[in-house]
Amino acid sequence: MSAAASRFLPSTQLNTSVLKVATYNIHKGVRGVGPRKRLEIHNLGLAVEALDADLVCLQEVRLFHHREARRFERTSFGWPAGGQAEFLAPEGYDVAYRSNAVTRHGEHGNALLSRWPIGDIGHHDVSDHRFEQRGLLHVPVRWGGIQVHVVVAHFGLVHASRVRQVQRLADYVRAGVPRDEPLLVAGDFNDWGEKLDEPMARVGLSRAVASNGAQAQRLTFPALVPVFALDRVYLRGLRCRSTSVPRGIAWARMSDHLPLLAELEMA
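Fair warning: this is a prediction, and the values are worked out from it, not measured in the lab.

Caption draft 1: Main features of the sheet that holds strand 9 (residues 146-154). Pairing in this open sheet of six strands is mixed, and the strands run 7-8-9-10-12-11 from one edge to the other. Two strands in the sheet have a free side with no partner beyond their single neighbour: strand 7 (122-125) and strand 11 (206-207). Note: strand 11 against strand 12 (residues 231-236), two bridges, orientation antiparallel. The partner of Ser206 across the bridge, within strand 12, is Leu235. Here helix 5 (residues 159-176) sits on the sheet in contact with strand 7, strand 8 (135-143), strand 9, strand 10 (183-188) and strand 12, set at roughly 145° to strand 7.

Caption draft 2: Region of interest: the sheet that holds strand 5 (residues 94-102). If you trace the six strands from one edge of the open sheet to the other, you get 5-6-4-1-14-13, paired in mixed fashion. The sheet is open, and its two edges are formed by strand 5 and strand 13 (238-244), each paired on a single side. Averaged over neighbouring strand pairs, the angle between their axes works out to 20° when direction is ignored. Pairing between strand 1 (residues 19-25) and strand 4 (residues 55-61): five bridges, direction parallel. Each residue of the ladder has a partner; that of Tyr24, found in strand 4, is Leu58. Taken strand by strand, helix 2 (residues 41-51) contacts strand 1, strand 4, strand 6 (107-114) and strand 14 (260-266), and its axis lies near 155° from that of strand 1.

Caption draft 3: Representation of the layout of surface pockets in the model. The calculated volume of the largest pocket comes to roughly 280 Å³. In this structure, the largest pocket is lined by 23 residues; those nearest its centre are Lys28, Glu60, His108, Arg134 and His154. Counting only elements with at least two residues in the lining of the largest pocket, the list comes to strand 5 and strand 6. Element by element, the count of residues in the lining of the largest pocket is highest for strand 6, at three residues. Classifying every residue of the lining of the largest pocket gives six nonpolar, 11 polar and six charged.

Caption draft 4: Structural detail: the packing of aromatic side chains. Within the structure shown, the criterion is met by five aromatic pairs. Note on Trp192 and Phe228: the rings are 5.0 Å apart at their centroids and 75° apart in plane angle, and the pair reads as edge-to-face. Remark: Phe228 occurs in the loop between strand 11 and strand 12 and Trp192 occurs in the loop between strand 10 and helix 6 (197-202); sequence separation between them is 36 residues. Residue classification places Phe228 among the partly exposed positions, given a relative accessible area of 30%. Every member of this aromatic cluster is reached through a ring pair, and the members are Phe155, Phe189 and Tyr234.

Caption draft 5: Expanded view of the pairing of strand 9. The buried fraction of strand 9 is high, at seven of nine residues. Bridging between strand 8 and strand 9 involves eight bridges; their strand directions are antiparallel. When the bridges of strand 9 are listed, Pro140 appears paired with His149. The antiparallel hairpin formed by strand 8 and strand 9 contains two residues in its connecting segment, where Gly144 sits at a positive phi of about 60°. The sheet contact formed by strand 9 and strand 10 spans six bridges and is parallel.

Caption draft 6: Summary view of empty space enclosed by the protein. A full pass over the atoms with the stated rule returns one cavity of 30 Å³ or more. Roughly 40 Å³ of volume is contained in the largest cavity. Surrounding the largest cavity, Arg207, Ala208, Val209, Arg218, Asp231, Arg232, Val233 and Leu260 form its lining. The leading source of residues in the lining of the largest cavity is strand 12, at three residues. Of the residues contributing to the lining of the largest cavity, the split by class is four nonpolar, no polar and four charged.

Caption draft 7: Seen up close, the pattern of salt bridges. Tallied over the entire structure, the rule returns 18 salt bridges. When the shortest N-O distance is used, the salt bridge between Glu68 and Lys37 registers 3.3 Å. Residue Glu68 is located in helix 3 (residues 66-72), and its partner Lys37 is located in the loop between strand 2 (30-31) and strand 3 (38-39); the two are separated by 31 residues in the primary sequence. On the accessibility criterion, Lys37 (24% relative accessible area) is partly exposed. Here Arg38 and Glu40 are joined by a salt bridge, their closest N and O atoms 2.7 Å apart. On the basis of relative accessibility, which here comes to 0%, the residue Glu40 falls in the buried class. Three or more residues joined by partner-sharing salt bridges are found here, namely Asp191, Glu194, Asp197, Arg207 and Arg232.

Rules behind the numbers
Residues numbered from 1 in each chain as written. Predicted model: local features only at pLDDT ≥ 70, side-chain atom pairs only at ≥ 80, totals over all residues. Heavy atoms only, no water. Pairing = 2+ DSSP bridges. Helix = DSSP H or I, 4+ residues; strand = E, 2+ residues; numbered from the N terminus. Contact = heavy atoms within 4.5 Å. Axes fitted to C-alpha atoms, helices over the stretch in contact; angles between N-to-C directions. 1 Å grid on protein atoms, 1.4 Å probe; cavity = no way out; pocket = protein on both sides within 12 Å on 5 of 7 lines; lining within 4 Å. Points joined across faces, edges and corners; volume = space filled by probe spheres on them. Nonpolar A, V, L, I, M, F, W, Y, C, P; charged D, E, K, R; others polar. Phe/Tyr/Trp six-rings, centres within 6.5 Å; stacked < 30°, edge-to-face > 60°. Buried < 20%, exposed > 50% of the residue type's maximum accessible area, 1.4 Å probe, protein only. Salt bridge = Lys/Arg side-chain N within 4 Å of Asp/Glu carboxyl O.

Okay, structure coming up:
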């Protein structure tokens, strides 16, 4: 049976031993500047389908943007009529979206696309200063008979801000996620200096790194020649079996980040 066909099986027939998670900063579905600006959201839809992940954690997703919608309305593949999260979701997936940042012409935020049923959607503002609006999207997912809590994150550009955002994440998890239920935190952490693993470990979250995985299987930025592992998955109550990053010109043109894929199992 093909991977695509498996999406439409009842959840009791899906794989409950391995949870495949992807995290992807989609750069608001647009690349380039000035007259060279191009709409990539349609290609990103094919990319999300190709990832074939149970959970797709997305950052820099738009619900609307009036100026970009006008710019691309006459292109052969125009701006989506609805939100980008719904547009990107493969058939049969549940969608959760919450906005983090409001700008002059629109907004953007985090999204989760889930092959498994989702529960009540939560959102927590972790903005550290007025120049960067940041948030956490919290979605409980019913993976077979297990409730897994998924937090989609996009942290700030300054290290001190990121450290404070880890603490706000910890406070939120302590208040809203039962200690005996597995948790994954996925997203773009903007951690250029690889300094967040220790603060995350202090609050009980370990980075998803396969024991036999090469570092190149974790590098996601910049997309054309990746040298930084900005996109990550952190875990509690789960274990990483493998990580991988799809590469090539087609992936590099869709966003400034590449997606990170992680296969997880219960710890």
